[in-house]
Amino acid sequence: MPLPPARSDSSPRYETTVPLVSRSLALFVGLTSVPVFVLVAALTYIENDPWWVVALAALLLFGPIPLLNRLRFAVELDDDELRYRVRPWHLRPRRVRLESITGVERLSRRPDPSPGLRRVNLGRGWVDWTDEEIRYVLGDDGVRIARDGRTLELWFSGADELARTLDDVRDSD
């Protein structure tokens, strides 16, 4: 059963947007792409290949950099639900109805990164998931939201404020 659309008559009680990819990772991708691009250009010139090969290499090497800088993790909380999404990956926000939340726990110790197949590394942060849990680790403060057999962990600089607001909204109902 699809969830009803978010109410537009009230502003969210909490909202934030966090860059998903660290600047250092975007800089690393850009700087390591330069020698590869120079090598492709030199080999194209030496082998007398068409110059569209250089243009294609530039597109493939430097094209993802603006996308890395556009990736944002957005969180909104209103009276009925918590919405989160990674723009532009998620076309629509992921929704968590407040009545489905069974517990909210503040976390202060950042989890240790462990390599796995269900993990996306984002420089200093990462996103990983299992069948029971999904974690967005983008900062040092965290909140664990338990809901109907699954947990959601959000780690970012405003997680403590989100937990307080979430507690306030749940207590007011």
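In this text, all values refer to a predicted model and were calculated from it rather than measured experimentally.

**Overview of the sheet that holds strand E2 (residues 72–77)**
If you trace the four strands from one edge of the open sheet to the other, you get E1-E2-E3-E4, paired in antiparallel fashion. Every interior strand has two partners, whereas the edge strands, strand E1 (14–19) and strand E4 (94–97), have only one. Direction aside, the axes of adjacent strands within the sheet are offset by 10 degrees on average. As judged from the four bridges shared by strand E3 (residues 81–87) and E4, these two strands associate in the antiparallel manner. Each residue of the ladder has a partner; that of Glu81, found in E4, is Arg97. Across the sheet, helix H4 (residues 159–172) touches E1, E2 and E3, and the angle it forms with E2 is around 25 degrees.

**Topic: the nonpolar core**
What tends to happen in soluble globular proteins is that the nonpolar side chains get buried as a cluster. Core analysis: the largest hydrophobic core is formed by 30 residues, its most contacted members being Phe73, Tyr136, Leu152, Leu154, Phe156 and Leu162. Where this core is concerned, the elements lending two or more residues are E1, E2, E3, strand E8 (133–137), strand E9 (142–147), strand E10 (150–155) and H4. Discounting chain neighbours no more than four positions away, the residues touching Leu152 are Leu82, Tyr84, Val96, Ile134, Tyr136, Val143, Arg144, Ile145 and Arg147.

**Some points on the sheet that holds E9**
If you walk across this open sheet you meet the six strands as E5-E9-E10-E8-E7-E6, and the pairing is mixed. For this open sheet the edge positions go to strand E5 (101–107) and strand E6 (119–122), each flanked by a neighbour on one side alone. Within the sheet, the average angular offset between the axes of one strand and its neighbour, ignoring direction, is 10 degrees. Sheet analysis places E6 next to strand E7 (residues 125–129), joined by four bridges and oriented antiparallel.

**Things to note about the pattern of salt bridges**
Side-chain pairs of opposite charge can arise where the charged atoms are in close proximity. All chains considered together, the criterion is met by 15 salt bridges. Here Arg83 and Glu76 are joined by a salt bridge, their closest N and O atoms 2.8 Å apart. Taking the relative accessible area as the measure of exposure, Arg83 reaches 8% and is therefore buried. Judged by relative accessible area, Glu76 falls into the partly exposed class, the value being 27%. With a shortest N-O distance of 2.8 Å, Glu153 and Arg144 are connected by a salt bridge. Residue classification places Glu153 among the buried positions, given a relative accessible area of 2%. Residues participating in the shared-partner salt-bridge network are Glu76, Asp78, Glu81, Arg83, Arg95, Arg97 and Glu99.

The rules behind each value
- Residues numbered from 1 in each chain as written.
- Predicted model: local features only at pLDDT ≥ 70, side-chain atom pairs only at ≥ 80, totals over all residues.
- Heavy atoms only, no water.
- Pairing = 2+ DSSP bridges.
- Helix = DSSP H or I, 4+ residues; strand = E, 2+ residues; numbered from the N terminus.
- Axes fitted to C-alpha atoms, helices over the stretch in contact; angles between N-to-C directions.
- Contact = heavy atoms within 4.5 Å.
- Core = buried A, V, L, I, M, F, W, Y, C linked by side-chain atoms within 4.5 Å.
- Buried < 20%, exposed > 50% of the residue type's maximum accessible area, 1.4 Å probe, protein only.
- Salt bridge = Lys/Arg side-chain N within 4 Å of Asp/Glu carboxyl O.

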